[in-house]
Amino acid sequence: MPVPGPGYSITVRVEAPPSAGAAGDLTTAVGRAGGVVTAFDVVESHADRMVVDISCNALSEEHSRSVTVALDALAGVRVRKVSDRTFLLHLGGKLEVSAKVAVRNREDLSRIYTPGVARVCLAIAANPEDARRLTIKRNTVAVVTDGSAVLGLGNLGPAAALPVMEGKAALFKRFAGVDAWPVCLDTQDPEEIIRTVQLIAPAYGGINLEDIAAPRCFEIEARLRELLDVPVFHDDQHGTAVVVLAALRNALRVVGKEITACRVVICGVGAAGSAIIRLLLPLRPADVVAVDVGGIVHAGRPDLDANLARVAALTNADGRTGSLVDAVRGADVFIGVSAPDLLAGADVATMAPDAIVFALANPDPEIDPLVAQRYAAVVATGRSDYPNQINNVLAFPGVFRGLLDAGAKEITDQMLVAAATAIADVVAVDNLNPSFIVPSVFDAAVAPAVADAVRRAARHEMA
Ligand SMILES: NC(=O)c1ccc[n+]([C@@H]2O[C@H](COP(=O)([O-])OP(=O)(O)OC[C@H]3O[C@@H](n4cnc5c(N)ncnc54)[C@H](O)[C@@H]3O)[C@@H](O)[C@H]2O)c1
């Protein structure tokens, strides 16, 4: 059951009587309406009244309104203003540029800007590799989107995608000290996107593609990887695949199975599912069976596009056909990156003993995790309100930190596997259990471990 959370958090400014019981009445009213009080601040106090900011978490915008109505209905209480704390946090955006150098006097000016800077420009013109040493390039990543697949919300366009890209940039900085900047493009034409990213690439040490819909994301990424001499990484694909692989590695340790003995069902063959299959196959699972909205992916299906045809050729060794329910029967692992409510407990019950279920569709998983837990040995979701959250934040900051530090010109699957192993290994074997297969996103050991693994893999490949 969903619980009130900080995503729907409001601060209600109310005038209330200065009585001893007023505070209790206010917090009780919020509680009765199903809200959770997180702060209570008296902002004004007078002989005849007090003004209070009462902050609380709710379930939805509609629920916040009913909490406010409950407060307003109290005798002697008047709601003055309601602030949505999430919107307050976004006022004016979430990023700014700050200079690393002080411009205190004419001398500083002459070195930071003209005439001094000219010599640095000439040095880079003579040796373009010096851009990584003498400019922001070595620590800067473009977070590029066309706004075509914003979170689970769909095609909202580039402006509406900006809050997500700003948030992503904030996470890059917070977790790995990477300076990332949103680049929201007003086009959804692959050729225009490719050309634009190519044109802006000189200032960046890496390109993080974000929220670009499948299947066009595959071509855009592949072409940019060919064209650019900096790593190109589509987080919705590879960030997800890295964290899923890490979680799977530890889940298999928990149940004592080898991947080579496991049949893995991947439901969803879009951005995330395709990348998961790509990282998984070299580990040689007994079989991988992919399922999408059209059922089990097999070579005989008439509706296969290029991506699905490639998947069909590499998976489903036994030539299975049918539905998702058919696919999971007897399977050891289910990984869902598709849509809500596709499986029932009875379906999980048909899986092999000690089944592993990753139901990652957001915000509503393929199966209610509480139901899945009754039949599976390990359950993970994409949600923060259940154990084992598969969160890309575990991967992308450290991945780019490692790539930038190594001066990598490309990113390879070997680097991604190294990142996955590093994430998995942050959880000590003694700490592993069915409810703890991935470290917390706030575990300070994660990003440095991932960065170190990627840096080593990159340097090894560049040697
Ligand atoms: N860390 C995470 O938890 C995480 C990471 C990435 C994606 N996701 C979630 O995974 C889902 C897919 O993301 P994506 O970017 O790959 O999307 P996508 O649109 O690229 O792909 C969706 C895939 O799901 C399939 N699908 C849709 N309805 C289906 C159904 N009824 N039965 C079987 N398959 C069905 C589609 O055919 C398609 O292959 C989303 O809900 C997303 O939020 C979670």
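Scroll up for the structure.
Rules of the game
- Residues numbered from 1 in each chain as written.
- Predicted model: local features only at pLDDT ≥ 70, side-chain atom pairs only at ≥ 80, totals over all residues.
- Heavy atoms only, no water.
- Helix = DSSP H or I, 4+ residues; strand = E, 2+ residues; numbered from the N terminus.
- Buried < 20%, exposed > 50% of the residue type's maximum accessible area, 1.4 Å probe, protein only.
- Contact = heavy atoms within 4.5 Å.
- Areas by Shrake-Rupley, 256 points an atom, 1.4 Å probe, with all protein chains shown as cover.
- Lys, Arg positive; Asp, Glu negative; His and termini not counted.
- Charge placed at Lys NZ, Arg CZ, Asp CG, Glu CD.
- Near = heavy atom within 4 Å.
- Polar contact = N/O pair within 3.5 Å; in protein donor to acceptor, adjacent residues only side chain to side chain.
- Nonpolar A, V, L, I, M, F, W, Y, C, P; charged D, E, K, R; others polar.
- Expected span 1.5 Å × (residues − 1).
- Core = buried A, V, L, I, M, F, W, Y, C linked by side-chain atoms within 4.5 Å.
- Pairing = 2+ DSSP bridges.
- Axes fitted to C-alpha atoms, helices over the stretch in contact; angles between N-to-C directions.
- Parallel < 35°, antiparallel > 145°, perpendicular 65-115°, else oblique.
- Left-handed = near helix turned anticlockwise from the far one by under 90°.
- Salt bridge = Lys/Arg side-chain N within 4 Å of Asp/Glu carboxyl O.

K.L.:
How should the overall build of the protein be read in this particular structure?
P.N.:
Summing up its helical and strand segments, the protein has 18 helices and 14 strands in all. Projected onto the principal axes, the alpha-carbon positions of the protein cover approximately 75 × 75 × 45 Å. The proportion of buried residues among the 463 residues of the protein is 48%. A separation of at least 24 residues holds for 67% of the contacts in the protein among residues at least 6 apart in sequence. Of the roughly 21700 Å² of accessible surface on the protein, 56% is carried by carbon and sulfur atoms. Taken as two groups, the 42 positive and 53 negative side-chain charges of the protein have centres that lie 7 Å from each other.

K.L.:
Can you help me understand the site of the ligand in this one?
P.N.:
Neighbouring the ligand are 20 residues, the closest being Val269, Ala271, Ala272, Asn362 and Ile390. Within the backbone of Ala272, one N or O atom sits 2.9 Å away from an oxygen atom of the ligand. At 2.7 Å, a backbone N or O of Ile390 approaches a nitrogen atom of the ligand. Counted by class, the shell around the ligand contains twelve nonpolar, seven polar and one charged residues.

K.L.:
It is not clear to me how helix H11 (residues 271-280) should be interpreted in this structure. Could you clarify?
P.N.:
Most of H11 sits inside the fold, with nine of its ten residues counted as buried. Buried within H11 are the following residues: Ala271, Ala272, Gly273, Ser274, Ala275, Ile276, Ile277, Leu279 and Leu280.

K.L.:
Please clarify how helix H17 (residues 413-426) should be interpreted in this entry.
P.N.:
Given 3.6 residues per turn, any residue in an α-helix points the same way as the ones three and four places further on. The end-to-end C-alpha separation of H17 is 20 Å, in line with the 20 Å expected for 14 residues at 1.5 Å each. Residues of H17 that are buried in the fold lie against strand E8 (232-234), helix H10 (235-255), H11, helix H16 (396-406) and helix H18 (446-462).

K.L.:
Even after reading the chapter, I still don't get the nonpolar core, so can you show me in this structure?
P.N.:
Within soluble globular proteins, side chains that are nonpolar generally end up buried alongside one another. Of all hydrophobic cores here, the largest spans 77 residues; its most connected members are Leu248, Val264, Ile335, Ile356, Phe358, Val399 and Ile423. Among the elements that make up this core, the one with the highest residue count is H10 (eleven residues).

K.L.:
Explain the sheet that holds strand E10 (residues 287-292) here, please?
P.N.:
Backbone-to-backbone hydrogen bonds pair the strands of a sheet. The strands run either parallel or antiparallel. Spatially, six strands are ordered E11-E10-E9-E12-E13-E14 in an open sheet, and the strand pairing comes out mixed. Both edges of this open sheet fall to strand E11 (295-296) and strand E14 (378-381), since each of them pairs with a single strand only. Seen against the sheet, H10 touches strand E12 (333-336), strand E13 (356-359) and E14 and runs at an angle of roughly 155 degrees to E13. Taken strand by strand, H11 contacts strand E9 (263-267), E10 and E12, and its axis lies near 160 degrees from that of E9.

K.L.:
In this structure, what is going on with the packing of H17 against H18? I would like to understand it.
P.N.:
Between two packed helices, both the angle of their axes relative to each other and the distance between the axes serve to describe the pair. Where H17 meets H18, the axes come as close as 8 Å, and the angle between the chain directions of the two elements is 150 degrees. Considering the angle they form, H17 stands roughly antiparallel to H18. Crossing angle aside, the handedness with which H17 passes H18 is right-handed. Packed against H17, whose contacting residues are Gln414, Met415, Ala418, Ala419, Ala422, Ile423 and Val426, the element H18 presents Val446, Ala449, Val450, Ala453, Val454, Ala457, Ala458 and Glu461 at the interface. Here the residues of the contact of H17 with H18 are counted per class, giving 13 nonpolar, one polar and one charged.

K.L.:
Can you help me understand the pairing of E10 in this one?
P.N.:
Residues in a regular strand project their side chains so that they alternate between the two faces of the sheet. With respect to burial, E10 is a largely interior element, six of its six residues being buried. Every second residue of E10 is oriented toward a common face, with Asp287, Val289 and Val291 on one face and Val288, Ala290 and Asp292 on the other, all of them buried. Across two bridges, the pairing between E10 and E11 is antiparallel. Residue pairing in the sheet places Val291 in a bridge with Ile296 of E11.

K.L.:
Please clarify how the pattern of salt bridges should be interpreted in this entry.
P.N.:
Any two side chains of opposite charge can pair, on the condition that their charged atoms come close. Scanning the entire structure with this criterion turns up 33 salt bridges. Put simply, Glu44 and Arg80 hold a salt bridge, and the shortest N to O gap is 3.8 Å. A residue pair is termed long-range when its members are at least 10 positions apart, and Glu44 in strand E2 (residues 36-45) and Arg80 in strand E4 (residues 78-84) qualify at 36 residues. The partner of Lys173 in a salt bridge is Asp179, and the shortest N-O contact between them spans 2.7 Å. Assessed through its relative accessible area of 44%, Lys173 is described here as partly exposed. Relative accessible area serves as the criterion here: at 29%, Asp179 is assigned to the partly exposed category. Because the salt bridges share partners, they merge into one network encompassing Arg401, Asp405, Asp452, Arg455 and Arg456.

K.L.:
What should I look at first to understand the sheet that holds strand E6 (residues 179-184) in this one?
P.N.:
The strand order across the open sheet built from four strands is E6-E5-E7-E8, with neighbouring strands paired in parallel fashion. Where the open sheet ends on each side, the last strands, each with one partner, are E6 and E8. Taken pair by pair, the neighbouring strands of this sheet meet at an average axis angle of 25 degrees, ignoring direction. Looking at chain direction, strand E5 (residues 140-145) and E6 are connected through six bridges and run parallel. Counterpart to Ala142 in the pairing with E6 is Trp181. In this fold H10 packs onto strand E7 (206-209) and E8, with an angle of close to 80 degrees to the strand it touches most, E8.

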